[in-house]
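# Notes for the structure review
For reference, the chains in residue letters:
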Amino acid sequence: MTPPANGTVATPERVALVDLLDRLLSTGVVVTGEVTLSIADVDLVYISLRALIASAGTVAADPPVGRDWAP
Amino acid sequence: MDDNRQPAGVWLHAVTRDAGPCELDGVAGIGGRAVRTVHAGGLVAVVSSVDLAQFGEEPLRRNLEDLDWLETVARAHHSVVETVGRSRPVVPARLTTVYRDDAGLRAMLEQRRGDFDAVLDRVSGRTEWGVKTYAVPTSERLSGTPPAETARPGTAYLQRRRAQLSAEDQRWQLAVAGAEEVHAALTGCAAAARRHPPQDRRLSGRTEPMLLNGAYLVERRDADRFGAAVTAQAARHPGLHLELTGPWPPYSFVTNEFVTAEEEPPR
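Rules used in this analysis
- Residues numbered from 1 in each chain as written.
- Chains lettered and ligands numbered in written order.
- Predicted model: local features only at pLDDT ≥ 70, side-chain atom pairs only at ≥ 80, totals over all residues.
- Helix = DSSP H or I, 4+ residues; strand = E, 2+ residues; numbered from the N terminus.
- Buried ≥ 20, exposed ≤ 12 C-beta atoms within 10 Å, placed from the backbone.
- Contact = placed C-beta atoms within 7 Å.
- Core = buried A, V, L, I, M, F, W, Y, C linked by C-beta atoms within 7 Å.
- Domains from an automatic or database assignment.
- Pairing = 2+ DSSP bridges.
- Axes fitted to C-alpha atoms, helices over the stretch in contact; angles between N-to-C directions.
- pLDDT = per-residue confidence, 0-100.

### Some words on the overall build of chain A
For chain A, the helix and strand inventory stands at three helices and zero strands. Along its sequence from the N terminus, chain A presents helices and strands in the succession α-α-α. Residue burial in chain A is summarised as follows: out of 71 residues, 34% are buried.

As structure tokens, this is what we get:
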């Protein structure tokens, strides 16, 4: 679709990891597996965010796509 | 698989309806190996075979602390879900849904068939869009009322400062209210909407706070209309910066039917 103009940013080519994890960790079907599902809930979100924040220096150092302010 | 000295597990990517051949040839799953399908209860599960030495409960817990590992796995999972969703309704599985074998997965599909059907109906023909909203940085001061005539320099400074603070406060309240309006307007253009927690500034990579991290389930044919609505909201709220992502598989809209599954005590 056409990238909206004026204060919005076009969809980046590669999705941002943080946006992806928002969706993959806090949502998605939760069904009972037999092996790992004891950590498929809150613990997992906590663990992953901790890993992410630990690397936040790197994450923030990458120039964000389309970093332009609204008018 | 042929070379498995380690016990193999079954990583669930997504579930869809069993409707003719899947276009999954050559799609790489976890570890770059081709995905395969498991059929049961009129459903198809798209899975990767994984090594339990890496994906069993204990190793998984460790590996999830490793951001590179997490990113590789998350992107592989996403790529499979996206491919499946391109041609058919898809119910994505949460990261780290692992079964010991196909039989366990088949039993789950048969047992929860009704739930899957309900979710597949809901997401059919729809995709998810993300809209994040930030307050624009305060580099530009509001052109508020200038302080009254300067009786004394000190008083003038205090008056100026007070006016500045109150302008910033007002600006913040406007931004928060604006983000609520954006969410309400976009919800009106969507079949369903949901808010994720705003992202930490260290993760969003932006200095200004995120006020809205919304997800919207939109009919495929209405994608342009939704994009136009986002543009209109951006124009309407000059104090906000809007960011659109998507289309996503309907990650944020598949959980409700499965809440009871979470609450069930183990065996």
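### Re the overall build of chain B
Summing up its helical and strand segments, chain B has nine helices and nine strands in all. Residues classed as buried in chain B amount to 39% of the 267 residues present. Taking the contacts inside chain B whose residues are at least 6 apart along the sequence as the reference set, 76% of them involve residues at least 24 apart.

### A closer look at the nonpolar core
Residues and elements named next belong to chain B. Counting 69 residues, the largest nonpolar core has Ala14, Ala45, Leu186 and Tyr216 as the members making the most contacts within it. The greatest single-element share of this core, amounting to seven residues, is contributed by strand S8 (residues 210–219). Mapping this core onto the domain boundaries places at least three of its residues in each of domain 1 (8–124) and domain 2 (127–252). Among residues more than four places away in sequence, those in contact with alanine 45 are Leu12, Val15, Thr37, Val38, Leu105 and Leu109.

### Here we look at the sheet that holds strand S6 (residues 126–135) of chain B
Residue and element names in this part refer to chain B. Read from one edge of the open sheet, four strands run S7-S8-S6-S9, paired in antiparallel fashion. The open sheet has two edge strands with one neighbour each: strand S7 (192–195) and strand S9 (240–248). Taken over all neighbouring pairs, the strand axes of this sheet differ in orientation by 20° on average, direction set aside. Of the strand pairs in this sheet, S7 and S8 are connected by four bridges, and their pairing is antiparallel. Opposite alanine 193, over in S8, you have tyrosine 216 as the bridge partner. Docked against the sheet, helix H6 (residues 153–187) engages S6, S7, S8 and S9, running at close to 10° with respect to S8.

### A look at the domain arrangement of chain B
Note on interface size: it is often stated as the accessible area lost on association of the parts. When cut into domains, chain B gives domain 1 (8–124) and domain 2 (127–252). Between the C-alpha centres of domain 1 of chain B and domain 2 of chain B the distance comes to 36 Å.

### Comments concerning the confidence of the model for chain B
Should pLDDT be low for a region, the predicted coordinates there are not to be read in detail. All names here are of chain B. Averaged over all residues, the pLDDT of chain B is 84; the fraction at 70 or higher stands at 87%. Per-element averaging of pLDDT across chain B places helix H9 (residues 259–263) at the bottom with 39 and helix H8 (residues 223–236) at the top with 97. In this model residues 140–144 is a low-confidence stretch, pLDDT under 50, and it forms six contacts with partners more than four residues away in sequence or in other chains. Every residue in residues 259–267 is under pLDDT 50, and counting partners more than four places away or in other chains gives six contacts. Here the complex is predicted with pTM 0.77, and the ipTM for its interfaces comes to 0.80.

### What to know about unusual backbone geometry
What you tend to see is this: most non-glycine residues have negative phi, and most peptide bonds are trans. Put simply, B:Gly246 and B:Pro247 share a cis peptide bond, and its omega is 0°. Tracing the backbone shows B:Pro247 in strand S9.

### So, the pairing of S9(B)
All names here are of chain B. Burial of S9 is extensive: eight of the nine residues sit out of reach of the surface. Bridging between S6 and S9 involves seven bridges; their strand directions are antiparallel. Looking at the pairing, glycine 130 lines up with threonine 245 of S9.

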